[in-house]
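Next come the chains, spelled out residue by residue.
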Amino acid sequence: MISTLIHCFGIAIAGFLIIGTHKGPKEADFLINSFISLIFIYSHIIPFYDPTMKLFLVLAYFVVTLGGIVGGVVGALLPKISIGVSFGAILWLFISTISLPVSKLGNNIIFSSGSLLVISLTISIILSQKYLSIANEIRVALAAGLILSTSVDGFLNKGLFFTFYDLFRMRSSSLICTGNCELQLMIAIWVIGAFSTYLIQGYVNGTLSRWQTRSHRYQALSTHLSNSIDSKVQSNSADIIKQKTFSYPSIVSPNFFDLDDVNIPKVLDPYIQSVVPITQRLASRHGFQIGNSCNQWEHAVMLLTNETKVYDRPVIDAAIRIHARLFDNYRHWCDRMGTPPLLLLNKLDSIDYNSVAGSNYQQIDDSVDHLIYIEDIMLYLLIWGEASNLKHCPECVCYLYHKVMEDHINNTNGNSKYPGHFLDMVVTPIYDVIASAMKSGGDHVERKTYDDFNEFFWSPSCLKYSIYVDLFNEDFIEQGSIDNLQLSLGTHVSNAMRVATKTYCEKRSWLHPLFSMRRIFEWHVITFTLLTAWAFSTELQWTYAFTLQVGSFIFWEISFLSIVWTSLEVWTLYPQSAISGPSILGFLIRLLAGYLVFVYQSMYYHWSFRQINIDNKGQTLIDQGDALFWWWQYFWLSVVSLFFYFLESILCYYPKIVSWLLTWNNDVIQAILNICYPLSQLYVGKRVHVEQGYVTKYILFWISLILFKVWFGYRYIVHPVTIPSIELYDDYMNFQKISFVKTFGLMFVWWFPHFLVYLIDLSIWYSVWISAAGGLVSLIERQGAVRDSASFRSHFIRSPLAFAQRLLHDTSSVRQKSSHLSASTAALNELILQPKVSEEKSSPVMKAKPIRAASKAMSSADLQSLNFTAKSSNNKNDKKSGDKTFNEGMTDYLSDVRSQRWIIFSKVWNEIVSNLRAADHLSNFEREILSFSTSNELLLPVYLPIYQTAGCVSTSINLFKDSCNEYSSEAEPEKKIAVIEKFYESMDVTMIEAVSEAWELLTYLLLKILGPSHKADIESLTNSLLTMAKTNDLFGNINPDALPQILNYATNIVSFIKSSATKRKNNPIVTEAVIVAEEKSRKKALAAEKHINNTAFISNGNSSHSKPVSKMKKSVSAGFLPSLGADFSSEVNNKPTNKSKEVTRKFVMPEPIVQSTFVLNDTLRDKLRDEIRNILNQIKGALRGKARAGDLLGKITFILSFESGFFWNDIYASIQLDSLLVQKPETTDRVSKFLTIVNKLNNLLKLRQSDVELSSQEAIRRLNFFINSLFMDIPVSPSIKYCKEYTTMTPYYSEDVILSREDLESKNSDGVSTLLYLQTLYKRDWLNYLERCNIKDEQHVWSDQHIQSTRIWASLRAQTLYRTVDGIMTTEAALRLLAEIENMNKTDIDTYACMKFNYVVACQVYGHMKKTLDPKADDI
């Protein structure tokens, strides 16, 4: 069956040669050479194999087949020689075969066949050199007939193939057929097939018609190629020498900086003075465009300015670094070309460009003028600007610079050229060639691409061509004639590019993926073989020696696959791509030497399993050694031949050595590399190695993966298959009816699927391993550490320190004092300090006192650093001292580094939140809870966002309540201290800060509501409570059960104020009429009081016991004594007198209070009185122990009973509320600030964490990413002045930048408009947009006021281009914000924002849009 398939395949090949040779001449050559090689190798290889060992006979057929492939590949590499050799071999076979029936050569056949072969080869080679076409046509015809007759002979089994077999072996044999096997018939088939093939070829090629007209001429291929090149050169000569453009603008407006502008930034002055004169001189000398010159001097000035570092010498050091970086590729290109780089300063070659800092500057001769550096830079930039349309050919720019610099050095006194000369005479001819190739039709096979033109400039031969053909040069015109002109045009680089051949042509075939994955496939084959050998050795109990012998088969596999890969590599290049001479030599050596070694490997390995015939020992080659001897021959031959294979494998672990070898400037080494490794001839890809540390990690990753894969493959893929395979082989050995072919087929069917599984499962394990490795890397780099609200809050409190370390420049004082700390560990230690426990042992309280004595250490990041220090003034006698303490505390606070970090971070954070609100990812409420708050009415400059502190107050109260109950239940002092410590450990920084903020805001609110009449008492009360908190006296002297109720009353106060603020803002309760009415009522009550007193005095007579009756309430108790001597009568009208500031211990009888009958209705006032009274009563009732024995009860009692205060004086109380809530022109700002604080306190007390969760996933993603990025490995940020600049370009053709109204209202087939779809998909964002624009009716979104913002809202969600532009433009906003943080003035901010970042939205049809008044142009 297999022989039948082979013979059918032979007939198909013969049919292709007969009919389709003209369609695939290269394929026909490959088939002919392969067939001749196969017959030759078969006749010489098969005799060395034992036919009884059928498995090794299959191995021999593999050797023969591979030999045929190698013969075809060698023929492809040497087409002319292969045509002659194959033609001679076929001609020899034909002559020898037809002479057999008529000659009786007998034993002389060896001599006659050898002589005839030599004669045939000589004649055919000579004929192929002179008459290539005729020789090729005859060769193809004879080969077609040969293959056809051999295939027919195979079906008839007449022995023609064995005739060829013996002829190639040069021996006489009984197998040579002379008459009984119908040799004449086979020869007839051969002749008929050859004649038919020749006629068909002649008809297709037109040879028959030329014969008829007797005008047939045969020419060599090189002649045709030469004529083609000459015709192309002559046809394109006129195009090269024509000037393309005749007018250029003489004045071009600058892009950024005008030389006539006196307001040019001073930082640019030294660079402009150096760059501009050089640019003008070079532009005039070489004919560069005016616009290009302007662009490039601005470009160079920006480069030099942005390259300058802190300690650089002006201009010089920046120019050196830019020069080194700019000419790095040019130097490598010159090294590739074998020519020295043409630079005005050759001394640059000895400078270490990688270390041009600090003391290394002293290595550079100061006498060297820095203008030489700049001249090199400017010439390169000017050429680069002119050749902007050649941007995909970077080596072409190197070539142009080399040629221009050559002219610049040799012709220093050259004449000036018109602006645009370089573009017309140099760039345009090259561009025309490239553009015509890009526009030409056909696939990549028929036309050249950018890669082909790039590789043209990788060859040193490009240096022999010229870039100038200047007809306007008088010297050139005088020199010559038209012949000289044609010679000059023929050497122009554009003509050379036009006629250059393709260097690579990609073939689209399934063989390409195999060739690309050859290393992986080869590794799987080798390891699968080893695992199979080990599995069989385990089951069959092989010895280690025999297992090693079987496993050494991998050497044979390596050699076999290496020849296959080399053949495929030639196949990828053949026939469209040009192969260089060294590459051809390298391929030939690898193929021929590799195949020769492979043949001997196959024989030696076969003989290592064959038993020696003792009787015939020494008679043949195989009998000269035993099996072990031949295995060692096989082993050492394999090791020596695969030396480079193993060396290449080892060098993969050290890629830096590979790069060094590839770039070693040694002719011998490069010649060896060009032969053994043809890809080394490429210019690119030689310096792409990574650091050894990364390579080690990469190798460890793959080693761990491979070990697991090998174990899994052996355990679950290979080993389970061995037992059934042994049983199949046992059936073959025990049952004669079972053929070897059937057994071999069953084995293949059984093992091949398992091999495919073994081949594929690597992708599965790779996915698992890369996931695990990625997870490990993400943990190390803290990727995804901020993933939910809990992790967000925990990282947010440490973000200011991380922000200062990552994004503030290294010279910033805010960053320097924290640079030694890590953001992940030391930040928390900085935020929460741990003071040492005091050694005092007098009482549990005293021992617990120092645990959190430093209140500012408890706070979050520094915000708490002043909370208690500024508030705990105990000077009750002098209010000015308290104010002084506050001012000093605020100064110290603002000068504190930690506080500065929070101020800076709050500014950045609020800007981020504002941008999210502007993009409608947040609502107004979400913006409010996410923003830092600030007020000059309060102590601290910034307060944490409600999103961070929500729910913390109630949680802290519950924790304190539980701790107090536990504290009271403990009797031992040590356990009481442990309870206190446990409480503080359970309080995180955010909770401490939330309690501190709530206390401060509530105190501020009470002071504002109760007014100046109660200011001293409230301050005294709060200071006393704070003192107790600092000394931890609250744990034993307050009832914690009252705290939740106090919190509820405080929440009610805030709620009442918020609900009444809108109504009261324009409706004050206390008006002028109310004041007048109250005054009349008071006077009337006073007159009545006097009348009563007088009547009582008359009735009592002159009794010495008589006393005036007073309406003073008895509630004026001991708590009132400290305030006696103060005049409260003036405080009714909110006007304290000087007497109120004087404190005396002398008892003074208070004046009786006259109660007015006037009634003033104020609902808010009454509600607030009740709630505040409840708060004070709860505090009063909660006090116990020594706190109750102190003066706190008296203070609270006096506050509640003071009749001129808030609780008893209606006019005073209403005036206080009016002053806080009623908006007048002079009070609008104050009322707004008060309501902001009230709202802050309301959110702090009422909201829980579940109430402040964001609804927009996009907002959550962005905020989480920002916070997470602060804790990742970010490079140290320099100052804005010294940071690197970059420009971003977004090219597009004619896409919509902003969706129009028509686009948004257009409906699809379902009747759904684009806007409706977006509203549904981004429902929450749409509601945020309506809220931001204050749109009540959605129909108003198309009004003139809102149409543009509506289009932008939709474009941000449906137009990728607008999203891109909007996102990239935030870079400038970020730069400006960082500049503001660095305290730059507005002028410097504008200057550096322009210098450090530029964004170009390149619309390719913008000019056409402007011309046609397209609305898209306005959107741009």
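Residues numbered from 1 in each chain as written. Predicted model: local features only at pLDDT ≥ 70, side-chain atom pairs only at ≥ 80, totals over all residues. Heavy atoms only, no water.

## Regarding the overall build of the protein
For step 1, the next point in the chain: Scanning the protein from terminus to terminus reveals 63 helices and two strands.
For step 2, the next point in the chain: Burial analysis of the protein (1420 residues in total) assigns 45% to the buried set.
For step 3, the next point in the chain: Here the analysis covers contacts within the protein between residues at least 6 apart in sequence; of these, 78% occur between residues at least 24 apart.
For step 4, the next point in the chain: By element, 60% of the accessible surface of the protein is carried by carbon and sulfur atoms, the whole surface being about 73800 Å². (Helix = DSSP H or I, 4+ residues; strand = E, 2+ residues; numbered from the N terminus. Buried < 20%, exposed > 50% of the residue type's maximum accessible area, 1.4 Å probe, protein only. Contact = heavy atoms within 4.5 Å. Areas by Shrake-Rupley, 256 points an atom, 1.4 Å probe, with all protein chains shown as cover.)

## So, the packing of aromatic side chains
For step 1, the next point in the chain: Scanning the entire structure with this criterion turns up 83 aromatic pairs.
For step 2, the next point in the chain: Ring centres of F456 and F457 lie 5.0 Å apart, and the angle between their planes is 85°; on these two criteria the pair is classed as edge-to-face. F457 carries the same exposure label as F456, and that label is buried.
For step 3, the next point in the chain: Between R518 and the ring centre of F515, over which it is positioned, the NZ or CZ distance is 4.2 Å.
For step 4, the next point in the chain: Sitting over the face of the ring of F1056, K1167 holds its NZ or CZ atom 5.1 Å from the ring centroid. (Phe/Tyr/Trp six-rings, centres within 6.5 Å; stacked < 30°, edge-to-face > 60°. Lys NZ or Arg CZ within 6 Å of the ring centre and 35° of its normal.)

## Focus on helix α46 (residues 1015–1030)
For step 1, the next point in the chain: Counted at 1.5 Å a residue, the expected span for α46 with its 16 residues is 22 Å, and the 22 Å between its end C-alpha atoms agrees.
For step 2, the next point in the chain: For α46, the set of buried residues is D1017, I1018, S1020, L1021, T1022, N1023, S1024, L1025, L1026 and M1028.
For step 3, the next point in the chain: Looking one or two residues past α46, N1032 carries a phi angle of roughly 60°, positive in sign. (Expected span 1.5 Å × (residues − 1).)

## Digging into the confidence of the model for the protein
For step 1, the next point in the chain: Mean pLDDT over the protein stands at 76; residues scoring 70 or higher make up 75%.
For step 2, the next point in the chain: The least confident element of the protein is helix α37 (residues 844–848), whose mean pLDDT is 30; the most confident is helix α41 (residues 924–930), at 94.
For step 3, the next point in the chain: Under a pLDDT of 50 for its full length, residues 211–241 has, in the predicted model, 32 contacts with residues more than four places off or in other chains.
For step 4, the next point in the chain: Low pLDDT, under 50, characterises residues 818–891; the stretch is placed with 140 contacts to residues that sit more than four places away or in other chains. (pLDDT = per-residue confidence, 0-100.)

## Looking at the nonpolar core
For step 1, the next point in the chain: By size, the foremost hydrophobic cluster in this structure holds 105 residues, and its most contacted members are W909, I1009, F1206 and I1267.
For step 2, the next point in the chain: With twelve residues, the single largest contributor to this core is helix α45 (residues 989–1010).
For step 3, the next point in the chain: When neighbours within four sequence positions are excluded, W909 is seen to be in contact with F792, F796, L930, F932, P945, L1263, F1266 and I1267.
For step 4, the next point in the chain: I320, M378, L379 and V493 belong to the second largest nonpolar core, which has 90 residues in total. (Core = buried A, V, L, I, M, F, W, Y, C linked by side-chain atoms within 4.5 Å.)

## Some thoughts on the side chain of T990
For step 1, the next point in the chain: Tracing the chain through its elements places T990 in helix α45.
For step 2, the next point in the chain: Residues contacting T990, with those up to four places away along its chain left out, are I797, Q948, T949 and C952.

## Here's the deal with the side chain of S1279
For step 1, the next point in the chain: As for its position among the elements, S1279 is in the loop between α55 (1257–1270) and β1 (1286–1292).
For step 2, the next point in the chain: Excluding residues that lie within four positions of it along the chain, S1279 makes contacts with H809 and E1382.

## A word on a nonpolar patch on the surface
For step 1, the next point in the chain: A cluster of nonpolar side chains, contributed by I650, Y653, Y654, I657, W660 and W664, occupies part of the molecular surface with about 620 Å² of accessible area.
For step 2, the next point in the chain: Tracing the chain through its elements places Y654 in the loop between α28 (643–651) and α29 (655–662). (Patch = residues over 30% accessible without salt bridge, like charges linked within 9 Å, V, L, I, M, F, W, Y side chains within 5 Å. Salt bridge = Lys/Arg side-chain N within 4 Å of Asp/Glu carboxyl O.)

## Notes on unusual backbone geometry
For step 1, the next point in the chain: In this model, Q541 sits at a positive phi of 60°, which is unusual for a non-glycine residue.
For step 2, the next point in the chain: Tracing the backbone through its elements, the reader meets Q541 in the loop between α23 (518–540) and α24 (544–551).
For step 3, the next point in the chain: Of note, R782 is a non-glycine position whose phi angle comes to about 65°, a positive value.
For step 4, the next point in the chain: Mapped onto the fold, R782 is located in the loop between α32 (740–780) and α33 (789–796).

## What about the pattern of salt bridges?
Note on pairing: side chains with opposite charge can pair once their charged atoms come close.
For step 1, the next point in the chain: Scanning all chains against the criterion turns up 31 salt bridges.
For step 2, the next point in the chain: Across the salt bridge formed by R313 and D317, the nearest N and O atoms sit 3.0 Å from each other.
For step 3, the next point in the chain: Note on D317: relative accessible area 0%, which makes it buried.
For step 4, the next point in the chain: Among the ionic pairs, D761 bridges to K709, the shortest N-O distance being 2.4 Å. Note that D761 is positioned in helix α32 and K709 in helix α31 (residues 692–734), a separation of 52 residues in sequence.
For step 5, the next point in the chain: Taking the relative accessible area as the measure of exposure, D761 reaches 5% and is therefore buried.
For step 6, the next point in the chain: A residue is classified by how much of its surface remains accessible, and K709, at 0% relative accessible area, is buried.
For step 7, the next point in the chain: Linked by salt bridges that have partners in common, E307, R321, R325 and K1284 make up one network.

## Digging into the packing of helix α13 (residues 316–326) against helix α15 (residues 370–386)
For step 1, the next point in the chain: Interhelical geometry of α13 versus α15 gives an angle of 40° and a closest axis separation of 9 Å. Taken together, α13 and α15 sit at an angle that is classed as oblique. Seen along the crossing, α13 lies across α15 with a hand that is left-handed. Note on element contacts: α15 touches α13 through H370, Y373, I374, D376, I377, Y380 and L381, opposite I316, A319, I320, I322, H323 and L326.
For step 2, the next point in the chain: Across the contact of α13 with α15, the residue classes break down as ten nonpolar, two polar and one charged. (Axes fitted to C-alpha atoms, helices over the stretch in contact; angles between N-to-C directions. Parallel < 35°, antiparallel > 145°, perpendicular 65-115°, else oblique. Left-handed = near helix turned anticlockwise from the far one by under 90°. Nonpolar A, V, L, I, M, F, W, Y, C, P; charged D, E, K, R; others polar.)

## A few points about helix α14 (residues 328–337)
For step 1, the next point in the chain: Taken as a whole, α14 has its buried residues at Y330, R331, W333, C334 and M337. All buried residues of α14 project into a common sector of 160° when viewed along the axis, lining one side.
For step 2, the next point in the chain: Summarising the contacts, the buried residues of α14 are in contact with α13 and α16 (394–410).
For step 3, the next point in the chain: At the C-terminal side of α14, G338 shows a positive phi close to 75°. (Arc of directions from axis to C-beta.)

## Brief notes about the packing of helix α3 (residues 54–77) against helix α26 (residues 581–607)
For step 1, the next point in the chain: Viewed as axis vectors pointing N to C, α3 and α26 meet at an angle of 170°, and their least axial separation amounts to 11 Å. Judged on the interaxial angle alone, α26 and α3 are roughly antiparallel. Regarding α3 and α26, the two cross each other, and that crossing is left-handed. Taking contact as the criterion, the partners of F56, V63, V64, L66, G67, V70, V73, V74 and L77 in α3 are, on α26, I584, F587, L588, L591, L592, Y595, F598, V599, S602, Y605 and H606.
For step 2, the next point in the chain: Across the contact of α3 with α26, the residue classes break down as 17 nonpolar, three polar and no charged.

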